[in-house]
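What follows is each chain in one-letter form.
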Amino acid sequence: MKSCTDPVIGDILSSWRYDISGISPEMRTDYEGHFVECAHCRSRQRLHRTVDVALIAISTLSILAFLLAIAVIHHVEPLRNWAIIMHLDHRDVALTLQMAAMAGLLVSMLCWVLIAIATPAPVYLTGMAQARFLHDRLSDDQPRTRNIA
Ligand SMILES: [Zn+2]
């Protein structure tokens, strides 16, 4: 992989995990220019966004898996009645599968929210959706002869 064409800008971008969606548009121009000319930072940016999207995808799948588990447990009698009885402070506390699945669901949702806050994945995905929408509209509106000339 080629090294960065401007290590100063490269270091700044690296500390932001190559996410410039949070900075003002006039400041962004310089960094966008750097992404255009620097293959190193461009590929790093792509890698980081891929990781972000993978994380949000995994936590989304985890939420769906726990929802499914809760639904299955709710409908299957033996699973619903299955429980671990714990003896805490001379009291019996029953931990049911339903409670375990609920706890798992809560943790997954918490992870999802943390990932959505900590990474630009939502901005990135929204941007991709908008770009696709605009692309579709442009290709509908523009006659095909536009680029000939
Ligand atoms: Zn660079």
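Source: prediction; values computed, not measured. (Residues numbered from 1 in each chain as written. Predicted model: local features only at pLDDT ≥ 70, side-chain atom pairs only at ≥ 80, totals over all residues. Heavy atoms only, no water.)

## Quick notes on the coordination of the zinc ion
- Distances from the zinc ion to its protein donors, Cys 4 (SG), His 34 (NE2), Cys 38 (SG) and Cys 41 (SG), fall within 2.0 to 2.3 Å.
- Note that the zinc ion binds four donor atoms; their angles at the metal cover 101 to 116 degrees, and the shape is tetrahedral.
- We note that the donor set of the zinc ion lies within a single chain, spaced as C-x29-H-x3-C-x2-C. By the burial criterion, His 34 is buried, and Cys 41 matches it. (Donors = N, O, S within 2.8 Å, 3.2 Å for Na, K, Ca; no water. Tetrahedral: all angles 85-135°; square planar, octahedral: opposite > 155°, others 65-115°. Buried < 20%, exposed > 50% of the residue type's maximum accessible area, 1.4 Å probe, protein only.)

## Some remarks on the side chain of Arg 49
- When you line up the elements, Arg 49 lands in helix α3 (residues 39–75).
- A residue is classified by how much of its surface remains accessible, and Arg 49, at 4% relative accessible area, is buried.
- Apart from residues lying up to four places away in sequence, Arg 49 is in contact with Arg 17, Tyr 18, Asp 19, Pro 120 and Tyr 124. (Helix = DSSP H or I, 4+ residues; strand = E, 2+ residues; numbered from the N terminus. Contact = heavy atoms within 4.5 Å.)

## Topic: the UniProt feature "transmembrane region" (unreviewed entry) in the protein
- As recorded in UniProt, the sites labelled "transmembrane region" (unreviewed entry) are residues 53–73 and 93–118.
- Span residues 53–73 is 100% helix and 0% strand, its end C-alpha atoms 30 Å apart.
- Its end C-alpha atoms 37 Å apart, residues 93–118 is made of 85% helix and 15% strand. (UniProt positions renumbered as here; feature names shortened; annotations may be inferred.)

## Section: the layout of surface pockets
- Within this model, the largest pocket holds a volume of roughly 320 Å³.
- In this structure, the largest pocket is lined by 14 residues; those nearest its centre are Asp 19, Ile 20, Ser 21, Gln 45 and Tyr 124.
- Of all the elements in the fold, those that place two or more residues in the lining of the largest pocket are α2 (25–37), α3 and α6 (121–141).
- Looking at the lining of the largest pocket residue by residue, the classes come out as six nonpolar, three polar and five charged. (1 Å grid on protein atoms, 1.4 Å probe; cavity = no way out; pocket = protein on both sides within 12 Å on 5 of 7 lines; lining within 4 Å. Points joined across faces, edges and corners; volume = space filled by probe spheres on them. Nonpolar A, V, L, I, M, F, W, Y, C, P; charged D, E, K, R; others polar.)

## Some points on a nonpolar patch on the surface
- A grouping of Trp 82, Ile 84, Met 86, Leu 88 and Val 93 is seen on the molecular surface, where their side chains present a nonpolar patch of about 420 Å² in accessible area.
- Looking at which element gives the most residues to the nonpolar patch, the answer is strand β1 (residues 83–88), with three residues. (Patch = residues over 30% accessible without salt bridge, like charges linked within 9 Å, V, L, I, M, F, W, Y side chains within 5 Å. Areas by Shrake-Rupley, 256 points an atom, 1.4 Å probe, with all protein chains shown as cover. Salt bridge = Lys/Arg side-chain N within 4 Å of Asp/Glu carboxyl O.)

## Considerations on the confidence of the model for the protein
- Overall, the predicted model of the protein reaches an average pLDDT of 86, with 93% of residues at or above 70.
- Taken element by element, the protein is modelled with least confidence in β1, mean pLDDT 76, and with most confidence in α3, mean pLDDT 94. (pLDDT = per-residue confidence, 0-100.)

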